Amino acid sequence: MKRIATLLLIALSITFSTQAKEWKPRLVVCTDIAPADVEPDDMESMVRLMSYADLFEIEALITSVGWNCDPYPTEWARYLHEVIDAYEKDLPNLMKRSKQTAFLPLNKENTRQQTGYWPSAEYMRSRAVMGSQNGGIKAIGEGNDSPGSELLIRLADEDDPRPIYVAAWGGANTLAQAIWKVQQTRSTEELKRFVRKFRIYTITDQDMAYNNRMNRSYSSHMWLRREFADDLQFVWDEGTWQEQCELGKRNWQQHAEGIQGKGVLGKVYPDYKWGVEGDTPSFLYVMPNGLNDPDDPLQAGWAGYHERGMCADSLTTAWTSWQEPVRSISIGYKTRFYPDELHDFMARMQWADEGRGNHNPQVVVNGRKGVQPIHLTAKAGTTIRLNAAKSKDADGDDLTFFWWQQPEIGNDKVVITSADKAKTDIHIPADAKNSTIHIICEVHDNGPFRLVSYRRICLEIK
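Only a predicted model underlies this, so the values are computations on that prediction, with no experimental measurement involved.

Some points on the overall build of the protein chain
Of regular secondary structure, the protein chain possesses 14 helices and 15 strands. In terms of overall size, the protein chain behaves like a compact globule, its C-alpha atoms giving a radius of gyration of 22 Å where 462 residues would be expected to give roughly 23 Å. When each of the 462 residues of the protein chain is scored for burial, the buried share is 58%. Long-range pairs, those at least 24 residues apart, make up 74% of the contacts in the protein chain with a sequence separation of at least 6. Carbon and sulfur atoms provide 51% of the accessible area of the protein chain, an area that totals close to 18500 Å². Each charge sign in the protein chain was given a centre, from 54 positive and 63 negative side chains, and these centres are 6 Å apart.

Focus: the sheet that holds strand β4 (residues 164-168)
Pairing in this open sheet of eight strands is mixed, and the strands run β3-β2-β1-β4-β5-β6-β8-β7 from one edge to the other. For this open sheet the edge positions go to β3 (128-130) and β7 (307-310), each flanked by a neighbour on one side alone. Going from strand to strand, the sheet's axes swing by 30° on average, the running direction of each strand aside. For β7 and strand β8 (residues 317-320), the ladder comprises four bridges, and the chain directions are antiparallel. Paired with glycine 309 across the two strands is alanine 318, which belongs to β8.

Brief notes about the sheet that holds strand β14 (residues 436-445)
Read across the open sheet, the four strands follow the order β9-β15-β14-β11; overall the sheet is mixed. The sheet is open, and its two edges are formed by β9 (374-378) and β11 (399-405), each paired on a single side. Strand-to-strand twist across the sheet, computed as the mean angle between neighbouring axes with direction ignored, equals 25°. Where β14 and strand β15 (residues 452-461) come together, nine bridges link them in antiparallel fashion. Each bridged residue has a counterpart across the sheet, and for histidine 438 the counterpart in β15 is cysteine 458.

Regarding the packing of aromatic side chains
One pair of aromatic rings is described through two measures. These are the centre distance and the angle between the planes. Overall, the coordinates contain 18 aromatic pairs when judged by the stated rule. Both rings, one in phenylalanine 56 and one in phenylalanine 283, keep their centres 6.0 Å apart while their planes meet at 90°; by these two values the pair is edge-to-face. Placement of the pair is phenylalanine 56 in the loop between α2 (41-51) and β2 (57-63) and phenylalanine 283 in helix α13 (residues 281-284), with a sequence separation of 227 residues. When sorted by exposure, phenylalanine 56 lands in the same class as phenylalanine 283, which is buried. Through pairs of rings, three or more aromatic residues link up here, namely Trp302, Tyr305, Tyr333, Phe337, Trp404 and Tyr454. The ring of phenylalanine 234 is capped by arginine 225, whose NZ or CZ atom sits 5.2 Å from the centre of that ring. The positively charged end of arginine 336 is found above the aromatic ring belonging to tryptophan 404, 4.1 Å away from the centroid.

Focus: the packing of α2 against helix α3 (residues 78-94)
One way to put it is that α2 packs onto α3 with a least axis distance of 10 Å and a crossing angle of 30°. Compared by their axis directions, α2 and α3 come out roughly parallel. The crossing of α2 and α3 is right-handed. Across the interface between the two elements, Met43, Met46, Val47 and Met50 from α2 touch Tyr79, Leu80, Glu82, Val83, Tyr87 and Leu94 from α3. Each residue belonging to the contact of α2 with α3 can be placed in one class, and the counts come to nine nonpolar, no polar and one charged.

With respect to the state of the cysteines
By the definition in use, this model includes zero disulfides. No disulfide involves cysteine 311; its sulfur sits 18 Å from that of cysteine 30, the nearest cysteine.

Focus on the side chain of aspartate 205
Within the element layout of this structure, aspartate 205 appears in the loop between β5 (198-203) and α9 (220-227). Under the relative-accessibility criterion, aspartate 205 is labelled buried at 0%. Of the polar contacts made by the side chain of aspartate 205, one reaches the side chain of arginine 225; its length is 3.1 Å. Side-chain polar atoms of aspartate 205 contact the side chain of tryptophan 236, separated by 3.0 Å.

Observations regarding the side chain of arginine 225
Looking at where arginine 225 falls in the secondary structure, it is placed in helix α9. Residues in contact with arginine 225, not counting those within four places in the same chain, are Asp205, Phe234, Trp236, Cys311, Asp313, Thr316, Thr317 and Ala318.

Some details on unusual backbone geometry
A cis amide bond links aspartate 70 with the next residue in sequence, proline 71, at an omega value of 10°. Geometrically, the link from glutamate 324 to proline 325 is a cis peptide bond, its omega value of 5° lying close to zero. Relative to the helices and strands, proline 325 is located in the loop between β8 and α14 (326-354). The backbone of arginine 450 shows a phi angle near 45°, a positive value even though the residue is not glycine.

Things to note about the nonpolar core
Counting 77 residues, the largest nonpolar core has Met46, Leu49, Phe56 and Leu61 as its most contacted members. Top element by residues in this core is α14. It accounts for ten residues. Aside from chain neighbours lying at most four places away, what touches phenylalanine 56 is Lys24, Pro25, Leu27, Leu49, Gln113, Phe283, Val286, Met287 and Pro288. In this structure, Cys30, Leu175, Leu224 and Phe234 belong to the second largest nonpolar core, which totals 34 residues.

Procedures and definitions
Residues numbered from 1 in each chain as written. Predicted model: local features only at pLDDT ≥ 70, side-chain atom pairs only at ≥ 80, totals over all residues. Heavy atoms only, no water. Helix = DSSP H or I, 4+ residues; strand = E, 2+ residues; numbered from the N terminus. Rg over C-alpha atoms; globule rule 2.2 N^0.38 Å. Buried < 20%, exposed > 50% of the residue type's maximum accessible area, 1.4 Å probe, protein only. Contact = heavy atoms within 4.5 Å. Areas by Shrake-Rupley, 256 points an atom, 1.4 Å probe, with all protein chains shown as cover. Lys, Arg positive; Asp, Glu negative; His and termini not counted. Charge placed at Lys NZ, Arg CZ, Asp CG, Glu CD. Pairing = 2+ DSSP bridges. Axes fitted to C-alpha atoms, helices over the stretch in contact; angles between N-to-C directions. Phe/Tyr/Trp six-rings, centres within 6.5 Å; stacked < 30°, edge-to-face > 60°. Lys NZ or Arg CZ within 6 Å of the ring centre and 35° of its normal. Parallel < 35°, antiparallel > 145°, perpendicular 65-115°, else oblique. Left-handed = near helix turned anticlockwise from the far one by under 90°. Nonpolar A, V, L, I, M, F, W, Y, C, P; charged D, E, K, R; others polar. Disulfide = S-S within 2.5 Å. Polar contact = N/O pair within 3.5 Å; in protein donor to acceptor, adjacent residues only side chain to side chain. Core = buried A, V, L, I, M, F, W, Y, C linked by side-chain atoms within 4.5 Å.

Below you can see the structure in the form of structure tokens.
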């Protein structure tokens, strides 16, 4: 038996040694997952997240308080486990996407996971814990620790330089409680280091009963924004998530045909009630598809676009898109990217259902592989060449290219020649000295669902 296990681990290591070594982003989800007749959208988002488990290091799945549940009923956690059970049944098919043949031992899964690795259902279950069951700032303090808040403290204390992204589908009370406890037990500098490990993306302020939602002072989110404004990157989504819901309703037929019933995961993907997958932008923001670096909320991506500004409580600031003109810009990006986002999900569900399907292209710019932004310097008044001709597709599909500039970053508009070719020239204005210009290489294949990948090039103009 030991020999068989050893051979499986060797096969697994060989599979991943052929890939560029990239670690997944660390992701924590705080979800108020509920029965479908109460609110099905967390269940929908959880199914989608599981279909992308090879791209995220899912460090914690925390069931906790939300709009529809204060306090959170402990029995509702079974809906999270229902999705994990479905994931377990679909894993043999999903693993074929990256040619994975075995799982690492659990103690190895609990360290760093490489992009392309599908974690075991045992690992997922070990990361599913209860968080804060009660809402609002009143539930932060002595006697309010939970398995979720204790896990967050352990995660931040690990010897790992990667940030931890918290996706708050419900309330972020569990993170607030973890920070409160560290505040009571450690020095000011230790607290600062702890808080700086985290990035948070909240789908509005949901750490309260729905009828109390306009009372911002009730929210622990407001406390986090106020007390840790200089140390906690806080993206407060009050716009993109509504558009996610509306676009899902408008495109529900594609969900019904391309997601529901596809694999066991598709069978537990419920019909919508109010909107479709309103919580999904919180992890699309972290999606390592080459389009945006989540450490810079100015970079537009599948979760829209955000700028630093005043929140709706009129007291705290965060990265947000609730006011014009930022709201329209964000919704414009969300609408633009939505077809590719949905097709990507549908392609994943085909893998879950059939164990075969299309792969996303690999974008290589100026010989550089990976998904991290490429940082280059250039002189004002010059022309630089960007070359994506070495981009590849695992299925041998033909590729189409589109180069474009994100105009919200920097004040200088460049001229892009041959924007639909693998190679392009970027003409930088003579008066663009000391500015920043962001160019995106967008690459589609011509296989099923016309899958897309991106690469962002950040130009510092001297």
